[in-house]
Amino acid sequence: RPEIDTRYAVSWFKQYAVLVMRGVKDYIHNYMTVVVILVQAIVMGLLAGGTFYQLGNTQVYIKIRLSAIYFLIMNQSVFSALLVINSFPAERMLALQERAAGMYYASSYFFA
């Protein structure tokens, strides 16, 4: 019979939910981050809409579509990665203290 890890008082999903809500509250309190994300979403939406507006169905236009989709995916993934990379150093000490106190799994923090 396998051992069950009982050092955490709540389940992984509860830990994840609490950490997500803490992240949401942090974003809400940081007004400029919300504004930057909103402006970026609007600009990317206009760029994507403008790129595909009245685009034909020939082979040349399909190549243009693929190039635009590649650009949009790369831009979104790099921007998202930069947000995470820049936010982690500020939270590092808090995360290490909370992990040492056994407040949550590392995986729930990572996914939140």
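Since the structure is predicted, the reported quantities are computational estimates derived from the model, not experimental observations.

Right, let's get into the overall build of the chain. Within the chain one finds four helices and zero strands. Reading the helices (α) and strands (β) of the chain from amino to carboxyl end gives α-α-α-α. Taking the principal axes of its C-alpha atoms as reference, the chain extends roughly 60 × 40 × 20 Å. Residues counted as buried form 13% of the 112 residues belonging to the chain. The contacts in the chain between residues at least 6 apart in sequence include a share of 64% that link residues at least 24 apart. Put simply, the chain shows about 9,100 Å² of open surface, and 69% of that area lies on carbon and sulfur atoms. Looking at the chain, you have 9 positive and 5 negative side-chain charges, and the mean spots of the two groups are 10 Å apart.

The next point concerns the side chain of Gln40. If you trace the backbone, Gln40 turns up in helix 2 (residues 31-52). Exposure remark for Gln40: the relative accessible area of 16% places this residue in the buried category. With residues up to four places along the chain from it excluded, the contact list for Gln40 reads Gln76 and Phe79.

This next bit is on the packing of helix 2 against helix 3 (residues 59-100). Helix-helix packing is described using two parameters, namely the angle between the two axes and the distance between the axes. Following both chains from N to C, one finds helix 2 and helix 3 inclined at 170°, their axes separated by 10 Å at the closest point. One way to sum up the angle between helix 2 and helix 3 is to call them roughly antiparallel. On helix 3, the residues that touch Val36, Ile37, Gln40, Met44, Leu47, Ala48, Thr51 and Phe52 of helix 2 are Arg65, Ala68, Ile69, Phe71, Leu72, Asn75, Gln76, Phe79 and Leu83. The class makeup of the residues in the contact of helix 2 with helix 3 is twelve nonpolar, four polar and one charged.

On to a nonpolar patch on the surface, then. Residues Ile69, Tyr70, Ile73, Met74, Val78, Leu82 and Ile85 make up a contiguous nonpolar surface patch of about 680 Å² in total accessible area. In this structure, Val78 sits in helix 3. Among the residues examined, Val78 registers a relative accessible area of 45% and is labelled partly exposed.

With respect to the helices, strands and loops of the structure, Val34 is situated in helix 2. On the basis of relative accessibility, which here comes to 39%, the residue Val34 falls in the partly exposed class. Those residues within four positions of Val34 in sequence are excluded, and the remaining contacts are Tyr27 and Ile28.

Now for the packing of aromatic side chains. Applying the stated rule across the entire model yields two aromatic pairs. With centroids separated by 5.3 Å and ring planes inclined at 90°, the aromatic side chains of Trp12 and Phe13 adopt a geometry described as edge-to-face. Phe13 sits in the exposed class, given a relative accessible area of 63%. Judged by centre distance (5.5 Å) and plane angle (5°), the ring pair of Trp12 and Tyr16 falls under stacked. Taken together, the residues span about one helical turn, with Trp12 and Tyr16 both in helix 1 (residues 12-29) at a distance of four residues. We classify Trp12 as partly exposed; its relative accessible area is 25%. The class for Tyr16 is partly exposed, based on a relative accessible area of 30%.

In low-pLDDT regions, the fine details of the predicted coordinates are not to be read closely. Averaged over all residues, the pLDDT of the chain equals 79, while 92% of them reach at least 70. Here helix 4 (residues 106-111) stands out as the least confident element of the chain, with mean pLDDT 76; helix 1 is the most confident, with 85.

Reading the values: the criteria
- Residues numbered from 1 in each chain as written.
- Predicted model: local features only at pLDDT ≥ 70, side-chain atom pairs only at ≥ 80, totals over all residues.
- Heavy atoms only, no water.
- Helix = DSSP H or I, 4+ residues; strand = E, 2+ residues; numbered from the N terminus.
- Buried < 20%, exposed > 50% of the residue type's maximum accessible area, 1.4 Å probe, protein only.
- Contact = heavy atoms within 4.5 Å.
- Areas by Shrake-Rupley, 256 points an atom, 1.4 Å probe, with all protein chains shown as cover.
- Lys, Arg positive; Asp, Glu negative; His and termini not counted.
- Charge placed at Lys NZ, Arg CZ, Asp CG, Glu CD.
- Axes fitted to C-alpha atoms, helices over the stretch in contact; angles between N-to-C directions.
- Parallel < 35°, antiparallel > 145°, perpendicular 65-115°, else oblique.
- Nonpolar A, V, L, I, M, F, W, Y, C, P; charged D, E, K, R; others polar.
- Patch = residues over 30% accessible without salt bridge, like charges linked within 9 Å, V, L, I, M, F, W, Y side chains within 5 Å.
- Salt bridge = Lys/Arg side-chain N within 4 Å of Asp/Glu carboxyl O.
- Phe/Tyr/Trp six-rings, centres within 6.5 Å; stacked < 30°, edge-to-face > 60°.
- pLDDT = per-residue confidence, 0-100.

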